[in-house]
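If you want the building blocks of each chain, they are given just below.
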Amino acid sequence: MSLIIKICGLKTPETLEAAIAAGADWVGFVFFPKSPRHVSLDEAKALGQIVGSRAKKVALSVDADDAALADIEKALKPDFHQLHGHETPARVAAIRAKFGRPVIKAIGIAEAGDLEAARAYETAADWLLLDAKPPKNAALPGGNGLTFDWQLLAGLDLEKPFMVSGGLDPSNVGTAIAISHPAGVDVSSGVETAPGVKDPAKIRAFIEAARRAN
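What comes next concerns the included structure.

## Observations regarding the overall build of the protein
Alright, step 1. Looking only at helices and strands, one finds 7 helices and 10 strands in the protein.
Alright, step 2. Over its C-alpha atoms the protein spans a radius of gyration of 16 Å, differing by no more than 12% from the 17 Å that the globule rule assigns to 214 residues.
Alright, step 3. Taking the principal axes of the C-alpha coordinates as reference, the protein spans close to 40 × 40 × 35 Å.
Alright, step 4. Residues counted as buried form 51% of the 214 residues belonging to the protein.
Alright, step 5. When contacts within the protein are restricted to residue pairs at least 6 apart in sequence, long-range pairs at least 24 apart make up 56% of them.
Alright, step 6. Carbon and sulfur atoms make up 52% of the accessible area of the protein, which totals about 9300 Å².
Alright, step 7. Across the protein, the 24 positively charged side chains and the 26 negatively charged ones have centroids separated by 4 Å.

Okay, here's the thing in structure tokens:
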């Protein structure tokens, strides 16, 4: 299985096209009003139409209820739902069953014990996204530009494929891949010039660095 590269938090047609042209496998759209990367349903619909079948579309939500997820489904028609809140394994399984989509569950990692929390989701989720645990009182569950100790993932044996996220950028993604051997990598703030403002050159550099490392 080749490495999956996901560019998350895309908001404009120009940066979306840049990500796809550079070879992104998955493109992520954030449905969380507190985030500088948030897109409206109308924006998501337009962006999703640009993607077509050239990449997989990922809808990121945070503790969304069924009504909100149904609205996202209608607008974006995502290939995956990425759950970035406090969703329990039962909730993850329920979302997967209700909407018939593969689910990615994000897990905050700061120490070895956090990996046990990840294991609790193995039967409910299709993918696990191992992200840096946000600081206490952080407004955002992800996209904070923080890394964690990738050595915690060395030799990690999970039943489901996992992606590494959190503070990745063109300069360090190769190291993260070499240490953790993930099935995929996910970047948002590491290819931005300001919160929510993606840089096409950084997107290209990130994807090139990840492909080289893999």
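Picking up where we left off.
## What to know about unusual backbone geometry
Glycine aside, residues mostly have negative phi, and peptide bonds are mostly found in the trans state.
Alright, step 1. Non-glycine residue Asp 63 carries a positive phi angle of around 55 degrees.
Alright, step 2. In this fold, Asp 63 is placed in the loop between β3 (56-61) and α3 (66-76).
Alright, step 3. A positive phi is found at His 181, a non-glycine position, where the angle reads about 50 degrees.
Alright, step 4. Structurally, the position occupied by His 181 is in the loop between α6 (173-180) and β8 (184-187).
Alright, step 5. Residue His 181 is classed as exposed on the basis of its relative accessible area of 60%.

## Considerations on the pattern of salt bridges
Alright, step 1. Considering all chains together, one arrives at 11 salt bridges under this definition.
Alright, step 2. Notably, a salt bridge pairs Lys 133 with Asp 114, separated by 2.9 Å at the nearest N-O pair. Taken together, the residues Lys 133 in the loop between β6 (127-132) and β7 (162-164) and Asp 114 in helix α5 (residues 114-119) connect sequence positions 19 residues apart.
Alright, step 3. According to the relative accessible area criterion, Lys 133 is partly exposed, its value standing at 41%.
Alright, step 4. Judged by its relative accessible area of 10%, Asp 114 is buried.

## Quick notes on the packing of aromatic side chains
Alright, step 1. Inspection of the entire model under this criterion finds 2 aromatic pairs.
Alright, step 2. Judged by centre distance (5.0 Å) and plane angle (75 degrees), the rings of Trp 26 and Trp 127 are edge-to-face. Note that Trp 26 is positioned in strand β2 (residues 26-31) and Trp 127 in strand β6, a separation of 101 residues in sequence.
Alright, step 3. Relative accessible area serves as the criterion here: at 8%, Trp 127 is assigned to the buried category.
Alright, step 4. Here the aromatic residues Trp 26, Phe 80 and Trp 127 are joined through ring pairs into a cluster of three or more.
Alright, step 5. In this structure, Lys 98 is placed above the aromatic ring of Phe 99, and the distance from its NZ or CZ to the ring centre is 5.9 Å.
Alright, step 6. Across from the ring centre of Tyr 121, 5.3 Å away, lies the NZ or CZ of Lys 105, which sits over that ring.

## Topic: the sheet that holds β2
Alright, step 1. As summarised here, the arrangement of the 8 strands in space is β1-β2-β3-β4-β5-β6-β7-β8, forming a closed barrel in which the pairing is parallel. Here the strands of the sheet are splayed against their neighbours by 25 degrees on average, with no regard to which way each runs.
Alright, step 2. Pairing of β6 with β7, which is carried by 3 bridges, proceeds in the parallel orientation. In the sheet register, Leu 130 faces β7, and the bridge partner there is Val 164.
Alright, step 3. Sitting on the sheet, helix α2 (residues 41-51) is in contact with β2 and β3, with an inclination near 175 degrees to β2.

## Thoughts on the environment of Glu 73
Alright, step 1. Take Glu 73: it is sitting in helix α3.
Alright, step 2. Leaving out residues up to four positions away in the same chain, Glu 73 has contacts with Pro 78, His 81, Phe 99 and Arg 101.

## Re the nonpolar core
Alright, step 1. Counting residues in each nonpolar core, the largest one holds 55 residues, and the members touching the most others are Ile 7, Val 27, Phe 29, Leu 130, Val 185 and Phe 206.
Alright, step 2. Here this core takes 5 residues from helix α7 (residues 200-213), the largest share from any one element.
Alright, step 3. Phe 29 has contacts with Leu 10, Leu 16, Val 39, Leu 47, Val 51, Lys 57, Val 58, Ala 59, Leu 60 and Leu 76, leaving out every residue within four places of it along the chain.
Alright, step 4. Formed by 10 residues, the second largest nonpolar core is a distinct cluster that contains Ile 4, Val 58, Ile 104 and Met 163.

## Some details on the side chain of Lys 57
Alright, step 1. Note on placement: Lys 57 falls in strand β3.
Alright, step 2. In this structure, Lys 57 is buried with no salt-bridge partner, the nearest side chain bearing the opposite charge being Asp 79 at 5.2 Å.
Alright, step 3. If we skip the residues at most four places from it in the chain, Lys 57 touches Val 27, Phe 29, Gly 48, Val 51, Gly 52, Leu 76, Lys 77, Pro 78, Asp 79 and Phe 80.

Scoring rules and cut-offs
Every chain is numbered independently, its residues counted from 1 as its sequence is written. Selection of residues for local features in this predicted model requires a pLDDT of at least 70, selection of side-chain atom pairs for listing and counting requires 80 or more, and totals for whole chains, interfaces and linings are taken over all residues. Where side-chain values are given, they derive from all heavy atoms of the structure, hydrogens and water being excluded. A helix here means a DSSP run of H or I that spans at least four residues, while a strand means a run of E at least two residues long, and both kinds are numbered starting from the N terminus. C-alpha atoms define the radius of gyration in this analysis, and the globule rule sets the expected value at 2.2 Å times the number of residues to the power 0.38. Think of it in three bands: residues with accessible area under 20% of the maximum for their type are buried, residues over 50% are exposed, and the middle band is partly exposed, with areas taken using a 1.4 Å probe on protein chains only. We call two residues in contact when some of their heavy atoms are within 4.5 Å. Here the Shrake-Rupley method, with its probe set to 1.4 Å, supplies the accessible areas, and only the displayed protein chains count as covering residues. In this tally, Asp and Glu contribute negative charge and Lys and Arg positive charge; neither His nor the terminal groups of the chain are included. Working definition for charges: the position is that of NZ of Lys, CZ of Arg, CG of Asp or CD of Glu. Whenever Lys or Arg places a side-chain nitrogen within 4 Å of a carboxyl oxygen from Asp or Glu, that contact is recorded as a salt bridge. Here a Phe, Tyr or Trp ring, Trp counted by its six-membered ring, pairs with any other such ring whose centre lies within 6.5 Å, and the pair is stacked when the planes are under 30 degrees apart, edge-to-face when over 60, and tilted otherwise. As a reminder, the over-ring test applies to NZ of lysine and CZ of arginine, requiring each to be within 6 Å of the ring centre and within 35 degrees of the ring normal. Strand pairing requires that DSSP identify at least two bridges connecting the strands. Interaxial angle, 0 to 180 degrees, is taken between N-to-C directions of lines fitted to C-alpha atoms, where a helix line uses only the stretch in contact. Throughout, nonpolar core names a set of buried Ala, Val, Leu, Ile, Met, Phe, Trp, Tyr and Cys residues whose side chains join them through atoms within 4.5 Å.

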